[in-house]
Amino acid sequence: MLYAIGDVHGELDKLEELLQSLPLRDGDRLVFLGDYVDRGPDSCGVIDRLIELQKYWPCVFLLGNHESMFLDFLGWTDQAYFGGEAFLMNGGDRTLESYDFFEETDKKKYKLPHDHEDFLLGLKLYHREGDYLFIHAGIDRPLLRERDVGYVLHKAKVEDLLWNRSTCDLPHNMPVTVVYGHTPTEDFQVRWNLPFSVGIDTGAVFGGPLTALRLPDETLFQV
C-alpha cells in the first residue's frame, strides 16, 4: 500500500500519533506532500522524525512552499527556492525558534544540522506512482488540457507546483488522480474531487486533523 501524508507544519505530536496509527506492512511506502516546517511548535523535531522514518520505510518527500521559503531565506540558490523575504511572516519565526537560531543575531551563521540540510536539499517537486501524481500545490491551468503526464511535468512551473491554489479541484485530462496538499478547506475536510484529485491538507496546524490517505483503497487515517 501507498500512504500519502498531508502538511505537517511542525506538529510533531500529531505526526507521531498518525504514524503509530498506520497499519504499515512490508512493502508499504509513504509519500509526504511537503510543508514540514513553519507555524507549528517543532519543525526541527519533525525533520528529525522524518529522517529517522526513512531508515525503516521507503519514503518520498516533496518540497513545499514553506521549505522553499526557508531554504531561500537561508541563502540557498535554486529555481525552486524563492520567497525567503516572506518566510518570517508565514510562520518561519517558529521554525527558527525550534532550531535555536534566535540566539544568533547574524543570519549568515544560521547552520542547519548536516542531515537536515541533506534532507531539505533532496526534496522533490513531484512524484508519480501508478495511477497517482503527487504534488504539493497545483498545476498551471492550460496544462490541465494535456493528457501526457510527462509533458505536463516538464512544462509545469515551479511556482504552480508550490503555490497554486486555484486548479487542483478542476477536471483535467491526465490519466492519473492528483493527490495534493497546501490548501485546506474551511471545515478542514479532505477535498474529494474524484477521479481528478484528492486534497489532503486538512489544516493540522490550525486545529484540524493531520491526514494520511492510503492508496489504492482510498482509506483515510486522521489524528
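In this text, all values refer to a predicted model and were calculated from it rather than measured experimentally. (Residues numbered from 1 in each chain as written. Predicted model: local features only at pLDDT ≥ 70, side-chain atom pairs only at ≥ 80, totals over all residues. Heavy atoms only, no water.)

**Describing the overall build of the protein chain**
Using the following cut-off: A run of H or I in DSSP counts as a helix once it spans at least four residues, and a run of E counts as a strand once it spans at least two, with each numbered from the N terminus. Note that the radius of gyration is over C-alpha atoms, with the globule rule given as 2.2 Å times the number of residues to the power 0.38. When a residue's accessible area, from a 1.4 Å probe over protein chains only, is under 20% of the maximum for its type it is buried; when over 50% it is exposed; and in between it is partly exposed. The contact rule is simple, with two residues in contact once any of their heavy atoms fall within 4.5 Å. For the area figures, the Shrake-Rupley method with a 1.4 Å probe applies, and any residue is considered shielded solely by the protein chains shown. For the charge count, each Lys or Arg is scored as positive and each Asp or Glu as negative, with His and the chain ends excluded. One atom stands in for each charge, and that atom is NZ of Lys, CZ of Arg, CG of Asp or CD of Glu.
The helix and strand tally for the protein chain stands at 7 helices and 10 strands. For 223 residues, the compact-globule estimate of 2.2 N^0.38 gives 17 Å, and the C-alpha radius of gyration of the protein chain, at 17 Å, lies within 12% of that figure. For the protein chain, the spread of C-alpha atoms along the principal axes amounts to about 50 × 40 × 35 Å. When burial is assessed residue by residue, the protein chain has 55% of its 223 residues classed as buried. Counting contacts in the protein chain only where the partners sit at least 6 residues apart, residues at least 24 apart contribute 66% of the total. With the model as given, the accessible surface of the protein chain reaches about 10,300 Å², and the carbon-plus-sulfur share is 47%. Where the 21 positive side-chain charges of the protein chain centre and where its 38 negative ones centre are 5 Å apart.

**Overview of the packing of helix α1 (residues 12-21) against helix α2 (residues 43-53)**
What counts is decided by this rule: A fitted line through C-alpha atoms serves as each axis, taken over the contacting stretch for helices, and the angle formed by two N-to-C directions is quoted from 0 to 180°. Throughout, the term roughly parallel applies to angles under 35 degrees, roughly antiparallel to angles over 145, roughly perpendicular to angles from 65 to 115, and oblique to all others. Note on convention: near helix rotated counterclockwise from far helix by under a right angle means a left-handed crossing. Clockwise means right-handed. Polarity classes work like this: nonpolar for Ala, Val, Leu, Ile, Met, Phe, Trp, Tyr, Cys and Pro, charged for Asp, Glu, Lys and Arg, and polar for all others, with Gly in that last group.
Two numbers describe how α1 lies on α2: the axes approach to 9 Å, and their chain directions differ by 25 degrees. On the basis of the axis angle, α1 is roughly parallel to α2. Pair α1 / α2 crosses with left-handed handedness. Only Gly 45, Val 46, Arg 49, Leu 50 and Leu 53 of α2 make contact with α1, whose side of the interface consists of Leu 12, Leu 15, Glu 16 and Leu 19. Its residues placed into classes, the contact of α1 with α2 shows 6 nonpolar, 1 polar and 2 charged.

**Quick look at the pattern of salt bridges**
It is possible for side chains bearing opposite charge to pair when their charged atoms get close. We apply this condition: Here a salt bridge means any side-chain nitrogen of Lys or Arg lying within 4 Å of a carboxyl oxygen belonging to Asp or Glu.
Under the counting rule described, the total for this entry stands at 5 salt bridges. Close ionic contact of Glu 52 with Lys 55 constitutes a salt bridge, the shortest N to O distance being 3.2 Å. Exposure remark for Glu 52: the relative accessible area of 29% places this residue in the partly exposed category. Here Arg 191 ties to Asp 169 by a salt bridge, and the two come within 2.3 Å at their closest N and O atoms. One end of the pair, Arg 191, is in strand β7 (residues 191-193); the other, Asp 169, is in the loop between α7 (158-163) and β6 (177-180), and 22 residues separate them in sequence.

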